[in-house]
Structures are given as C-alpha cells and as structure tokens.
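For reference, the chains in residue letters:
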Amino acid sequence: MSTKKILTLVFLFSTDAAGKRLVLLGMKKRGFGVGLWNGFGGKVEPGETIEQGARREVEEESGVHVETLHPAGVLWFEFGTDPMGLECHVFTANAHEGTVVETEEMRPQWWDAEALPFDSMWPDDILWWDHILKRQQFAAAFWFAADQKQILRQAVNAVDVL
Ligand code: 6U4
Ligand code: NA
Ligand code: NA
C-alpha cells in the first residue's frame, strides 16, 4: 500500500418520544457511494485535524453543528489492486431533529438505529454496526473487489483505545 486518504464518517443520534434511538443517514446524491444511505463525512483537508474535518463535513452535508464527537471506530478499505487505501474515522454525536437540512450531496432521513437499511448501505456497515449500538469501539479492515461491492476479506475487532 503506497498511499492513503483519511476520511471521516459521522452518525448523528437522536431519540424519539418513546425513547427509541434514531440515527440520521443521508442518501448520497453524487460521488463516492452514490445511491447508498451513508453517515456524513468526507476527506480530511490539509491543515485540519480529523475531528475538525468530521465537524465540517457534518455541517456541510446535513446543516447540523455538532459540539462533541465520540470516537467510535477506525475502518480501513482497499479496493481491488488500487494502491490507494482509505482510513476512515468513525464518530457518533448527538443531534436534534429540527436542525437537519437537505444539501446538494445528501438527502437526510432519520432511521430506527436498530433497523437500518443495510441492503442500501455500504456492505461493510452491517458487519460493525452492532459495535456502535453497544458503544464498543472497533477497528476493522475490508478488502473489496474492484467493483466496490463485494467484500473479499474482512477483519473486525473490538478495541478500547480510540
Ligand atoms: P468531495 O465531493 O470530493 O468533497 P468528500 O465529501 O470529501 O468528497 P466523499 O463524499 O467521497 O468525500 O467521502 C466518502 C464518504 O464515504 C466518507 O464519509 C466515508 C464514506 N465511506 C467510504 N467508504 C465507505 C465504506 N466502505 N463504508 C462506509 N462508508 C464509507 O460505511
Ligand atoms: Na462527503
Ligand atoms: Na470534502
């Protein structure tokens, strides 16, 4: 692996009147992961910390300003023979339903956190989402086929150091 990109991925949580946990996903309207329900995030820019990048992307893509980001996991992705690896830092944060807006990049929608639309999400998400629900930090790696759909090899581990 010769190079890598640092990405962020943020899941915003809320609770409904019955106390059920809700999570905000965005339908990606363009670019990488188009047509999938995603968390919010993107590339960390030069001069930015990972958390600053995460906060900026959440605001750009959902209109929500988040104060506290909780480190949840780190994901490593490789695709086919592409020498570029992706190191994706996953966070959770609390949000309020009213503040969400649709943007050029994302159409946001709240989901029951225990019933996410995994068939229309990145195929690795179902393999680590339980760790998020249990507030167990995790480190995972996924080797995708060049088609960005099929996972050829995977490793998911609980960690406690993020
Ligand atoms: P531009 O449009 O260049 O500014 P940017 O918003 O910086 O793009 P983008 O949207 O390409 O970056 O970021 C990719 C997003 O997709 C990040 O939030 C991480 C997420 N992502 C990438 N691979 C993923 C995967 N296998 N599983 C997953 N999220 C993934 O759940
Ligand atoms: Na993005
Ligand atoms: Na970006």
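Look up: the structure comes first, before these words.
Just so you know, these numbers come straight off a predicted model, no measurement behind them. (Residues numbered from 1 in each chain as written. Chains lettered and ligands numbered in written order. Predicted model: local features only at pLDDT ≥ 70, side-chain atom pairs only at ≥ 80, totals over all residues. Heavy atoms only, no water.)

**Student:** Could you clarify how one ought to interpret the overall build of the chain in this entry?
**Tutor:** Within the chain one finds two helices and eight strands. Along the chain, helices and strands appear, N-terminal first, in the series β-β-β-α-β-β-β-α-β-β. For 162 residues, the compact-globule estimate of 2.2 N^0.38 gives 15 Å, and the chain sits close to it at 15 Å. Burial status across the chain gives 46% buried among its 162 residues. (Helix = DSSP H or I, 4+ residues; strand = E, 2+ residues; numbered from the N terminus. Rg over C-alpha atoms; globule rule 2.2 N^0.38 Å. Buried < 20%, exposed > 50% of the residue type's maximum accessible area, 1.4 Å probe, protein only.)

**Student:** What should I look at first to understand the coordination of the sodium ion (ligand 2) in this one?
**Tutor:** Tetrahedral coordination by four donors places them ideally at 109.5 degrees to one another around the metal; octahedral coordination by six donors ideally gives 90 or 180 degrees. Those donors, Gly 41 (O), Glu 61 (OE) and Glu 105 (OE), are the protein atoms that reach the sodium ion (ligand 2), and they lie 2.2 to 2.6 Å from it. The sequence pattern formed by the donor residues of the sodium ion (ligand 2) is G-x19-E-x43-E. Glu 61 sits in the buried class, given a relative accessible area of 1%. (Donors = N, O, S within 2.8 Å, 3.2 Å for Na, K, Ca; no water.)

**Student:** How should I be thinking about the pattern of salt bridges in this particular structure?
**Tutor:** Pairing between side chains of opposite charge can happen when their charged atoms approach one another. Per the counting criterion, the structure on display carries 11 salt bridges. Of the charged contacts in the structure, one is a salt bridge between Glu 48 and Arg 56, with a shortest N-O distance of 2.5 Å. On the accessibility criterion, Glu 48 (19% relative accessible area) is buried. Overall, the relative accessible area of 18% leaves Arg 56 in the buried class. In this structure, the salt-bridge partner of Arg 55 is Glu 51, at a minimum N-O distance of 3.5 Å. Of this pair, Arg 55 and Glu 51 both sit in helix H1 (residues 50-62), separated by four residues, roughly a single helical turn. Judged by its relative accessible area of 30%, Glu 51 is partly exposed. Three or more residues joined by partner-sharing salt bridges are found here, namely Glu 45, Glu 48, Arg 56, Glu 57 and Glu 60. (Salt bridge = Lys/Arg side-chain N within 4 Å of Asp/Glu carboxyl O.)

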